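Each chain, letter by letter, is given below.
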Amino acid sequence: SQKIEQNSEALNIQEGKTATLTCNYTNYSPAYLQWYRQDPGRGPVFLLLIRENEKEKRKERLKVTFDTTLKQSLFHITASQPADSATYLCALVRGYSTLTFGKGTMLLVSP
Amino acid sequence: NAGVTQTPKFRILKIGQSMTLQCTQDMNHNYMYWYRQDPGMGLKLIYYSVGAGITDKGEVPNGYNVSRSTTEDFPLRLELAAPSQTSVYFCASSYSGTGGDEKLFFGSGTQLSVL
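Owing to the predicted nature of the structure, the values given are computational and were not obtained by experimental measurement.

### Points about the state of the cysteines
Cysteine pairs can be covalently joined through their sulfur atoms, and such a bond is termed a disulfide. Residue and element names in this part refer to chain A. Using the criterion set out here, one finds two disulfides over all chains in the structure. Here Cys-23 engages in a disulfide with Cys-90; their sulfurs sit 2.0 Å apart. Its torsion about the S-S bond being 60°, the disulfide of Cys-23 and Cys-90 is classed as right-handed. With Cys-23 in strand β3 (residues 19–26) and Cys-90 in strand β9 (residues 86–94), this pair connects stretches of sequence that are 67 residues apart. Taking the relative accessible area as the measure of exposure, Cys-23 reaches 0% and is therefore buried.

Here it is, written out as structure tokens:
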């Protein structure tokens with residue numbers, strides 16, 4: 001069956017360090033992968049989309065990689081700040097245009 | 001623009017009661033979705049719609065119904081509420097395009113408890 005796996009344990013890092021979150025998937029051949037941020041009590045907010053023919057995508061302090069051979073995406077936040085503390089979700093296309101989400105990884109950035 | 005608006009924000013239902021969760025978007029998106037999110041679990045797709053008059057089931061449609069009479073509105077109906085439907089419900093919309101650039105815009109959610 002199709003699975004999306006994100007580390008269920010919270011990631012604790014110090015301010016200024018680089019946070020790296022992992023998204024692994026099985027039995028998918030996604031054309032693209034998306035990352036979302038979710039704050040407590042709020043809906044997810046879109047951050048980045050990366051296509052299968054793109055190895056890397058950057059947006060300000062965010063960087064996403066997509067390795068279709070390893071079936072893995074890495075999400076990096078450089079120079080992390082306490083305001084980056086949130087849950088980060090990866091999502092893959094299922095069917096024509098519906099997304100399947102991972103359970104998310106909570107990131108905690110301490111001052 | 002308000003984006004995606006959901007009402008109510010919170011609701012407590014008794015077992016067997018019915019209710020409708022409202023969702024409206026002002027971005028003229030063709031695609032709309034309903035997800036539920038249980039603690040520690042990922043978002044699960046309940047139903048989606050690719051345009052007015054067209055709806056389809058997602059992963060977990062049992063116990064729910066939807067309709068899409070206009071582009072803007074996509075209500076979710078619970079007919080006979082059960083404790084298993086206690087969850088946070090999110091409505092989302094996206095621009096219908098080709099090529100796969102289907103980023104979703106989410107509402108702020110409805111927290112539903114069935115007791």
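### A closer look at the interface of chain A and chain B
Each partner contributes to the interface: chain A provides 21 residues, whereas chain B provides 23 residues. Of the roughly 1700 Å² buried between chain A and chain B, counting both surfaces, carbon and sulfur atoms make up 56%. Counting across the chain A and chain B interface gives zero salt bridges. Where chain A packs against chain B, one counts three residue pairs in polar contact (both at pLDDT 80 or more). Of all the secondary structure elements, the ones that give two or more residues to the side of chain A that touches chain B are β4 (32–38), β5 (45–51), β9 and β10 (98–101) of chain A. Tallied by class, the residues present in the side of chain A that touches chain B amount to nine nonpolar, eight polar and four charged.

### Regarding the environment of Phe46(A)
Note on placement: Phe46(A) falls in strand β5. Once the C-alpha coordinates of Phe46(A) and Tyr36(A) are considered, the two residues, ten residues apart in sequence, prove to be 4.5 Å apart. Those residues within four positions of Phe46(A) in sequence are excluded, and the remaining contacts are Gln34(A), Trp35(A), Tyr36(A), Lys103(B) and Leu104(B).

### Observations concerning unusual backbone geometry
Of the consecutive residues Thr7(B) and Pro8(B), the connecting peptide bond is found in the cis state with omega at -5°. Mapped onto the fold, Pro8(B) is located in the loop between β1 (4–7) and β2 (10–13). A positive phi angle, close to 55°, is found at Lys71(A), a residue other than glycine. For Lys71(A), the position within the fold is in the loop between β7 (62–67) and β8 (72–77).

### A few points about the nonpolar core
In this structure, Leu33(A), Trp35(A), Phe75(A), Ile77(A), Tyr88(A) and Leu107(A) are the most contacted members of the largest nonpolar core, which totals 23 residues. If you list the elements that add at least two residues to this core, you get β3, β4, β5, β7, β8, β9 and β11 (105–110) of chain A. Among residues more than four places away in sequence, those in contact with Ile77(A) are Lys17(A), Thr18(A), Ala19(A), Arg61(A), Leu62(A), Asp84(A), Tyr88(A) and Leu107(A). Ranked by size, the runner-up nonpolar core spans 19 residues in total, among them Met32(B), Tyr47(B), Phe74(B) and Leu112(B).

### What to know about the confidence of the model for chain A
Averaged over chain A, the pLDDT score is 92; the fraction of residues at 70 or greater is 96%. Averaged pLDDT values over the elements of chain A bottom out at 86 in β10(A) and peak at 97 in β11(A).

### Observations regarding the sheet that holds strand β8 (residues 76–78) of chain B
Residues and elements named next belong to chain B. Taken in spatial order, the four strands line up as β1-β3-β8-β7 in an open sheet, and their pairing is antiparallel. Of all the strands in the sheet, the pair left with one neighbour each is β1 and β7 (64–66). Looking at each pair of strands side by side, their axes are set apart by 20° on average, direction ignored.

### What about the side chain of Arg36(B)?
Residues and elements named next belong to chain B. Among the secondary structure elements, Arg-36 is positioned in strand β4 (residues 31–37). At a separation of 3.0 Å, a polar atom in the side chain of Arg-36 contacts the side chain of Asp-38. At a separation of 2.8 Å, a polar atom in the side chain of Arg-36 contacts the main-chain carbonyl oxygen of Ser-84. If we skip the residues at most four places from it in the chain, Arg-36 touches Gly-42, Leu-43, Lys-44, Ile-46, Val-60, Tyr-64, Ser-84, Gln-85, Thr-86, Ser-87, Val-88 and Tyr-89.

Cut-off values and rules
- Residues numbered from 1 in each chain as written.
- Chains lettered and ligands numbered in written order.
- Predicted model: local features only at pLDDT ≥ 70, side-chain atom pairs only at ≥ 80, totals over all residues.
- Heavy atoms only, no water.
- Disulfide = S-S within 2.5 Å.
- Helix = DSSP H or I, 4+ residues; strand = E, 2+ residues; numbered from the N terminus.
- Buried < 20%, exposed > 50% of the residue type's maximum accessible area, 1.4 Å probe, protein only.
- Contact = heavy atoms within 4.5 Å.
- Buried area = accessible area lost by both parts, 1.4 Å probe.
- Salt bridge = Lys/Arg side-chain N within 4 Å of Asp/Glu carboxyl O.
- Polar contact = N/O pair within 3.5 Å; in protein donor to acceptor, adjacent residues only side chain to side chain.
- Nonpolar A, V, L, I, M, F, W, Y, C, P; charged D, E, K, R; others polar.
- Core = buried A, V, L, I, M, F, W, Y, C linked by side-chain atoms within 4.5 Å.
- pLDDT = per-residue confidence, 0-100.
- Pairing = 2+ DSSP bridges.
- Axes fitted to C-alpha atoms, helices over the stretch in contact; angles between N-to-C directions.

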